[in-house]
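# Structure at a glance
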Amino acid sequence: MTNSTAFRVAGRTFAWVLGAVLIAAIAMTAWVGVRGLLAYTHLSDVQAEASSVRDDLTDPAAATTAIDEISVDTRAAESLTSDPIWQLAESLPWVGPQLEAVSTVAAAANQVVNTSLTPLTEVASSFELDALRAENGRIDLALFEELQAPATISAAGIAAASASIDNIDTAPLLAPVGDAVTQVADVLTEATEATSALARATVLLPSMLGADDARDYLVLFQNNAEWRSLGGIPGAMALIHTDDGEMSLAGQESSSDYPKYEESVLPLDDDVLAIYTDHPGKWIQNVTQVADFSISGELARQMWALEHNGDEVDGVIALDPVALSYLLEATGPIELPTGDVLTSENAVQLLLNDVYLRYTVPAEQDAFFALAAASVFEALSDGSSDPVELVAALTKAGSENRLLMWSAVESEQTLIAETTLAGGLPITDEVTTTFGAYVNDGTGSKMDYYLDTDVAVQWDSCTLDESGLASGTATMTLTVTNNAPADAASLPDYITGGGSFGVPAGIARTVGYLYVPEHFELMDAVSTNEKGFGGASHDGRRVLSFSTDLASGESFTATVTARSTVPTGAELLVRQTPTIGDAYSEADFCA
């Protein structure tokens, strides 16, 4: 064979191979494109149906039917994006990461619907929300015991699916694909939180309601008219007894029944003493001054024991009148023996202000609070409250840090510590970066009913690394405003304090504690008064303290700027004292 003939043969062979490769590439592209379009259609149907289910969870059986329908689409989407040709295409440059992201989303969706949720749907198919109603003061614990195993399995499966989405590298993704991955990640994060909460509840509630042995819980009603870091002073208190699901109101007291102790009832660590002194351990009204309810709960439990012959409660619960107003949405209006009608609309004003204008004798005020608390407890335990509204009310109160819980049982406290119910210090991790803004009454009064707080956080500058962690500078601003009437000095002494603690009547003194996020260094701190800030640290967090006196119409603003020393979560948040106003501040995201 001549050279020219050999070249012609080689040329034809190369052309044939090239043509075959091109045809194969075109075929593979068409195959992947068609299957991708079909998968997109199925996933779009899943999104629409899932949104419908989430918006209406009043009928678990209906939700089960919807999930059965969704499973058809998720199985189809995963099948379309997991064949060998698709997997081969995932190794290609540029288009590969897009295809891999789509297949990961499809697989995660199918895992959640057809594996993780299956145990729950089997139970939910015969579940009725009316089963949550208390009958004659008793809740049937069998329901929670039946849900415990499937809830735990579902929570673990959804958490694994969420982790697989979080591991997707979004850097090379096109905007539409990247946005879709982010949306799925957000939904699965929400689902993980919800199923984890359910799993914890099915473990906690039976034991707390006395499934194994009788329990006693001290309930602190925080008074937001006299601020403390976690809400307000514990003014009224109740003892709740539980036994095999049955709940009873075993006693009621007032904080005025408790003395000032000569020294802290429990040892306080150096960080707490440096910020709050020993006051939280000497007055029951101050136990919620510490921005950590695990400390508050232990102190309150010890004070209870000292005044009750050493009897120890099994846990401590705190809630405020705003949380109570949420519960009244479930019970409906409650008529009190005084003739008052307690409603979700008037509870806050009636309990935090009107009562002090009506009754000038503290004992009469305490009697009214006890009456209101007993009436609400009766309404909650007689089975007349709407279970859906009740769950929604408790969820809302918990998310706003208005419902707090501490257990003396270590295994239970470990579960509580993973939730907002724990009332712990601001946490900075791989997801969030959190400031803290806590305010306390320094007047010895009920003037805080008239005060407002406004808290804002923002990234001044930030960058994201490849794993989505943020580095940069962030600022928190806290403003306190006194909206009391101009003649506030003429209000009853119990509201103004009457100058008993050195603050003139009509003036409101606020003591605050500003927490810088973990792994951040303080850059600057300024305020609108000339007193400046005190300084300390609390479990690795820099803390700035301040005090300000405000007359009617006056405001105080403090601004704190800090810089990260290591990358942290991109979502910037602030944990703040829940007052009678909004307990949430808008988050800022590093993008």
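The structure presented is a predicted model; accordingly, all values stated were derived computationally and were not measured. (Residues numbered from 1 in each chain as written. Predicted model: local features only at pLDDT ≥ 70, side-chain atom pairs only at ≥ 80, totals over all residues. Heavy atoms only, no water.)

## Overview of the packing of helix α6 (residues 142–166) against helix α7 (residues 175–208)
Each pair of packed helices can be described by the angle between their axes along with the distance between the axes. As a reminder of what qualifies: Only the stretch in contact is used when a helix axis is fitted, and all axes are lines through C-alpha atoms; the angle between N-to-C directions ranges over 0 to 180 degrees. Each helix is a run of H or I in the DSSP string that is no shorter than four residues. Each strand is a run of E no shorter than two, and both are numbered from the N terminus. Note that the term roughly parallel is reserved for angles under 35 degrees, roughly antiparallel for angles over 145, roughly perpendicular for angles of 65 to 115, and oblique for everything else. It is the rotation of the near helix from the far one that decides the hand of a crossing: anticlockwise by less than a right angle makes it left-handed, clockwise makes it right-handed. Residues are sorted three ways: Asp, Glu, Lys and Arg are charged, Ala, Val, Leu, Ile, Met, Phe, Trp, Tyr, Cys and Pro are nonpolar, and all the rest, Gly among them, are polar.
Running from amino to carboxyl end, α6 crosses α7 at an angle of 155°, the nearest separation of the two axes being 8 Å. The angle between α6 and α7 places the two elements in the roughly antiparallel class. In the crossing of α6 with α7, the sense of the turn from one axis to the other is left-handed. Here the contact of α6 with α7 is built from residues that sort into 18 nonpolar, eight polar and one charged.

## Thoughts on the sheet that holds strand β15 (residues 555–564)
The condition is simple: Two strands pair if DSSP finds at least two bridges between them.
Pairing is antiparallel in the open sheet, where four strands are placed in the order β9-β10-β15-β12. Each edge of the open sheet carries a strand with a single partner, namely β9 (451–464) and β12 (520–527). On average, each strand axis in the sheet is inclined to that of its neighbour by 15°, with strand direction left out of account. Note: β9 against strand β10 (residues 470–482), 13 bridges, orientation antiparallel. Counterpart to Cys462 in the pairing with β10 is Gly472.

## A few points about the side chain of Arg228
Selection criterion: Accessible area is worked out with a 1.4 Å probe on protein chains only. A residue is then buried under 20% of its type maximum, exposed over 50%, and partly exposed in between. Polar contacts, as counted here, are pairs of nitrogen or oxygen atoms within 3.5 Å of one another; within protein the pair requires one atom able to donate a hydrogen and one able to accept it, and residues that are adjacent in sequence qualify only if both atoms are side-chain atoms. What makes two residues a contact is simply this: any of their non-hydrogen atoms within 4.5 Å.
Tracing the backbone through its elements, the reader meets Arg228 in strand β1 (residues 215–228). Residue Arg228 is classed as buried on the basis of its relative accessible area, which comes to 7%. Within the structure, Arg228 has its side chain in polar contact with the backbone oxygen of Gln285 (distance 3.2 Å). Residues in contact with Arg228, not counting those within four places in the same chain, are Ile233, Gln285, Asn286, Thr288, Gln289, Val439, Asn440, Asp441 and Thr577.

## Considering helix α12 (residues 362–381)
Working note: α-helix, 3.6 residues per turn, so residues spaced by three or four point in the same direction. This is how the line gets drawn: The length a helix should cover is 1.5 Å for every residue beyond the first.
Along its 20 residues, α12 runs 29 Å from first to last C-alpha, staying within 8% of the 28 Å computed at 1.5 Å per residue. For α12, the full list of buried residues reads Gln365, Phe368, Phe369, Ala372, Ala373, Ser375, Val376, Phe377, Ala379 and Ser381. Backbone geometry just after α12 places Gly383 at a positive phi near 85°.

## Observations regarding the packing of helix α4 (residues 95–116) against α6
In the contact formed by α4 and α6, the axes pass within 9 Å of each other and the chain directions differ by 175°. Considering their axes alone, α4 and α6 lie roughly antiparallel with respect to each other. Contacts from Thr104, Val105, Ala108, Gln111, Val112 and Ser116 in α4 reach Ser154, Gly157, Ile158, Ala160, Ala161, Ser164 and Ile165 in α6. Broken down by class, the residue content of the contact of α4 with α6 amounts to seven nonpolar, six polar and no charged.

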